[in-house]
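Reading the structure
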Amino acid sequence: MGHDEEPAPGRRDDPAPWADGAARSPGSAGGKRPLPSGVGYDTTRGRPSGFFITPDTAPSGLSVPRPRWVAPVFLSLFAACAAALNGWIPPLTHTYGAMLRAVLNVPAGTFGKQTSVAVRPLMLLLALLFALLAAGTVRRRLRLFGTIVLAFAVLVVLTDLALTRSAMLGGPGPFGALGNTIAGLDGIVALAIGVFTSAALPAGVVVRAERQRPHRDLALLGIVVAAAVVAVLLVRRHWGELLVLLSRAPLLGGIASALVVFFGLFPGMLYALNITRRCTRRGRHTMLFPVGIVVPARNEEGLIGDCVRAIDEAVADYPQACTVYVVENGSTDRTLEEARAAIREARHVRGVLLQCESKGKAFALNYGLRHVTEEIVLRIDADTLVTRSVLFGLIRHFGDPSVGGASGMPLPRVQESWICRMRALEVYYQVGFKRAGYNAVDAIGVLPGALVAYRRDLLVKLHGFAEGVNGEDADMTVRVGRLGYRIVSDASVRAYTEMPSTFAYLREQRMRWARGTYHMLARNKSGIYMLQGLRCVWMLPWAGFIMFRRLMMLPFAAAGIFLVLLNHSSVPLQEISAGGAIFLGVQLIQMTACMVLLGDTRLIASIPSYLIFRLIVSFYALETLLTLAFTQTPGRPSPSRKRLAGTTRKKTTRLIQGLSPKRLGGAT
C-alpha cells in the first residue's frame, strides 16, 4: 500500500531551551505548559468489548487457548493434595534425614530438632500437577515432568548434603528455615529448566558484540554489593533489637534476617549510585539529532489524533527536523481518516501516513522502519501522549556514542480506577526507582515499547523487531545491549499512555507480558553463556527467577490457607508465610520511600492494596504458564516452519534496508 506525505515545515536552528540539555518538565522553559490534550481522559470508556485483543495477543504455535477454569483447578488440586500429604510429612522428614546421615556417615542428633522436609514433596507435587494440566502431547508432558523431577532431585540432594556438613560444624541444617528456603530455590531452578527445555518457545539468536564493554560496570556492582554487606553488618549491630521488634508486625516477619536487610538496602544503593553518576555526567552530552517517530496504529480511533497532535506540540521547539510515520495496519474503524486529518493539521512535524497488512505490531514497526531516514528512531504507541521532555530528554543521550537505546517513564493517563492507581505505583517503583538503579551498571532488561528511542543503524543490523512473538520491546532492548551499547532509562522524561481499567484488559496485558518474558529469555539465552554484560549474565536469569517465584507463590499460598483452615499442619507455615511476607513487606517500604522521592504522595494511601494487585497479576502469570505449548522440539521448528522463518528473516531484512520494496495489495 502507498503512503500520504504532508509538506515538511522548514528546519529550525533555534538554540535548545536549556543549555545543559537536561530533561525537564514541560514547564521548565518558556513558562508553564499544559499537559498534552487527552491526559485525564479514560480512553477505554465506550470502546467495544474485546477491543484490546490484537494479532499480538497470543502468537500462533507458541500458545494454546485454555479454559478459565484450568488455573483455579490447578490451585485447588494443589491445596487438597498438600493437605493429603500433611500426615506423611513427619515420617518423610525422619526417613530423609536418616538417608542424609547414612550417606555422610553422620551420627544421630546432628540435625538437632528436625523441623520439616515439606517443601521437597510439595515441589514434586507441583511438578506432577503442572505436567498433568499443561497444554501439549502426553510425550512432551512426560518429558516436562521427568526433567523437573530429575533437576530438582540433583539440586536438592547436593544442597542438602552441603547443609548436612554445615550442621556437623554447628551451622544451619537442611530442615530448618534456611534449608527449606534453599529447597524452594532449587524448585524454582528445576521448574525453569523443565519449561525452557520442553516448551515450544522461539529459537535462540546469536548476537555478536561490536563494541567492547567497559569493566567499570562490574566493578561498580561489586562495590555496591560490598557496601550493602557492610551496611547490613552495621544495621544488625546497632539496630538489631529494633528489627526484631519490627519483625513481629504483619508483613514484616523475618525482616531481622541479614538477607532481607541486604535486599532492602541494595536497590537503594544502586539508585544512589545512579544519581551520583548523573550529577557527574550532567551537561556532558547536549547534541540533538533528527528523529523519525514511528507510530503503529490499529483500531486507534479517538487516540491517534491526540497522539499526533502531542507529537506536533513536542516538536515545536526542537532544533532538528522530525518526521512522524503513522503505520496503519488493518484497522476496521476510522483510524486512517483520523490520522490523515491530524497529519494535515500538524504545524511543526513532517507527517507520513503508511499502510500495511495486519500482521502484528512488530510487522508494522518494521514496515515503518523501512521508510525512516533519520538517525534516531523514536517508537511511540498510538495511545501514548508525549511531552516536550521526550525529545530533549531522550535524544540528548545519543550524544554519547556508546548509548544504543533510551526510554522514559510512561505514566497512566488517568488514575481514577483502582487498576490505574496500582499501575502508577508500579511505574514509579519499577521504572523511576529500580530501573533507574540498574542504569548505574548498564543492566536494564527492558525499555517499554510505548516510549523508546534507538539508533536506526542498530535496528537495521538486528534485522528489525522480532515478529510472531510477544515481548518484542524487551527482546530488542536485550539485543541492542548484546551488541555492546548502553541502555538508558531516564525517569525525568514523562509520557502518558493508556492503561487497563478493567480486569479483562489487565488480564490480556499481563498474560501477553508474561509470555513475552518467556520468549525474550528463549531468544537471548545465548547471551548468558556468551557473557555479554551484566544485562545477560545477571538480569536475564533474575527475570526468569522472578517469573517462576511468582508462579510458586500462589500454589503454596493456597496450600497454606487450606491447611490453616484445617487447623492442623506438619508444614512449617510460619516459616513459609514469613518468607513470603519478607519480600512483600520490604517492597512496600521501598515503594513508600519511592513515592515520597519521585512520585505522587497521594498514591501512598493506595500502597497497602498493592498486595492484592500483586496476587491478581501473579494469577494471570500462572494462567500464562498453563497456556504455553508443549507440542514440539523447543528451538527447532519443523522443516516447513524453518523454511518459513528463513524466508521471513530475508523479507524483513529487505523490508528494513529498502533493498527490495515489499508489495502489498498490488501497490508498492
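Sequence order as written defines residue numbering, which begins from 1 separately in each chain. Local features in this predicted model are restricted to residues of pLDDT 70 or higher, and side-chain atom pairs are both shown and tallied only at a pLDDT of 80 or more, whereas totals for entire chains, interfaces and linings draw on every residue. Processing note: side-chain calculations cover all non-hydrogen atoms of the structure and skip hydrogens and water entirely.

Here's the deal with the packing of helix 8 (residues 304–315) against helix 9 (residues 335–345)
The test is simple: Axis definition: a line fitted to C-alpha atoms, limited for helices to the stretch in contact. Angles are taken between N-to-C directions and run from 0 to 180 degrees. Only DSSP runs of H or I reaching four residues or more are called helices, and only runs of E reaching two or more are called strands; each is numbered from the N terminus. Oblique is the label for every angle not falling under 35 degrees (roughly parallel), over 145 degrees (roughly antiparallel), or within 65 to 115 degrees (roughly perpendicular). Two helices that cross are described as forming a left-handed crossing if the nearer one is turned anticlockwise from the farther one by less than a right angle, and a right-handed crossing if clockwise. We call two residues contacting when some pair of their heavy atoms lies within 4.5 Å. Side-chain classes are defined by residue name, with Ala, Val, Leu, Ile, Met, Phe, Trp, Tyr, Cys and Pro counting as nonpolar, Asp, Glu, Lys and Arg as charged, and the others, Gly among them, as polar.
It is at 8 Å that the axes of helix 8 and helix 9 come closest, and there the two elements cross at 20°. What the angle tells us is that helix 8 and helix 9 run roughly parallel. Crossing of helix 8 over helix 9 shows right-handed handedness. Packed against helix 8, whose contacting residues are Ile304, Gly305, Val308 and Arg309, the element helix 9 presents Thr335, Glu338, Ala339, Ala342, Ile343 and Glu345 at the interface. The residue makeup of the contact of helix 8 with helix 9, split by class, is five nonpolar, two polar and three charged.

Side note on the pairing of strand 10 (residues 486–497)
Short version of the rule: Only protein chains enter the accessibility calculation, which uses a 1.4 Å probe; a residue whose area is less than 20% of its type maximum is buried, one above 50% is exposed, and one in between is partly exposed. Pairs of strands are assigned from DSSP output, requiring at least two bridges between the strands.
Within strand 10, eleven of the twelve residues are buried, which leaves the element mostly enclosed by the surrounding structure. With eight bridges connecting them, strand 8 (residues 403–412) and strand 10 associate as parallel partners. The residue bridging Pro410 from the neighbouring strand is Ala495, located in strand 10.

Comments concerning the pattern of salt bridges
This is how it is decided: When a carboxyl oxygen of Asp or Glu lies within 4 Å of a side-chain nitrogen of Lys or Arg, that pair is called a salt bridge.
For the coordinates displayed, the defined rule picks out 19 salt bridges. Note that Asp217 and Arg277 form a salt bridge whose closest N and O atoms lie 3.9 Å from each other. Of the two residues, Asp217 is situated in helix 6 (residues 216–246) and Arg277 in helix 7 (residues 258–281); the sequence distance between them amounts to 60 residues. Exposure remark for Asp217: the relative accessible area of 7% places this residue in the buried category. Among the residues examined, Arg277 registers a relative accessible area of 16% and is labelled buried. A salt bridge links Glu508 to Arg512; its shortest N-O distance comes to 3.0 Å. Of this pair, Glu508 and Arg512 both sit in helix 15 (residues 503–523), four residues apart, roughly one helical turn. According to the relative accessible area criterion, Glu508 is buried, its value standing at 7%. Looking at Arg512, the relative accessible area reads 23%, which means it is partly exposed.

Considering the environment of Leu336
Structurally, the position occupied by Leu336 is in helix 9. With 17 residues separating them along the chain, Leu336 and Leu353 place their C-alpha atoms 8.3 Å apart. The contact partners of Leu336, leaving out residues within four places of it in the chain, are Glu328, Leu353 and Gln355.

Examining helix 3 (residues 119–133)
Counted only if it meets this: Expected helix span is computed as 1.5 Å times (number of residues minus one).
Its 15 residues give helix 3 an end-to-end C-alpha distance of 21 Å, which sits within 8% of 21 Å, the value for a rise of 1.5 Å per residue. Here helix 3 has its buried residues at Val119, Arg120, Pro121, Leu122, Met123, Leu125, Leu126, Ala127, Leu129, Phe130, Ala131 and Leu133.

A few points about the pairing of strand 8
Of all ten residues in strand 8, ten are buried, a share of seventy percent or more. Alignment of strand 8 against strand 9 (residues 451–455), held across three bridges, turns out to be antiparallel. Considered in strand 9, the bridge of Ala406 is made with Ala453.

Considering the packing of aromatic side chains
Put simply, the test is: Ring geometry is summarised as follows: Phe, Tyr and Trp rings, the Trp one being its six-membered ring, pair when their centres sit within 6.5 Å, and such pairs are stacked at plane angles under 30 degrees, edge-to-face over 60 and tilted between the two. Any Lys NZ or Arg CZ found within 6 Å of a ring centre and within 35 degrees of that ring's normal is scored as a charge over the ring.
Throughout the structure, instances matching the rule amount to 21 aromatic pairs. Ring centres of Tyr318 and Phe392 lie 5.5 Å apart, and the angle between their planes is 70°; this geometry places the pair in the edge-to-face category. Highlighted residues: Tyr318 in the loop between helix 8 and strand 4 (322–328) and Phe392 in helix 11 (residues 388–395), separated in sequence by 74 residues. By the burial criterion, Tyr318 is buried, and Phe392 matches it. Put simply, the rings of Phe262, Phe263, Phe266, Tyr438, Trp538, Trp542 and Phe545 pair up and form one aromatic cluster. Its guanidinium or amino end placed over the ring of Phe465, Arg379 lies 5.5 Å from that ring's centre, counting from NZ or CZ.

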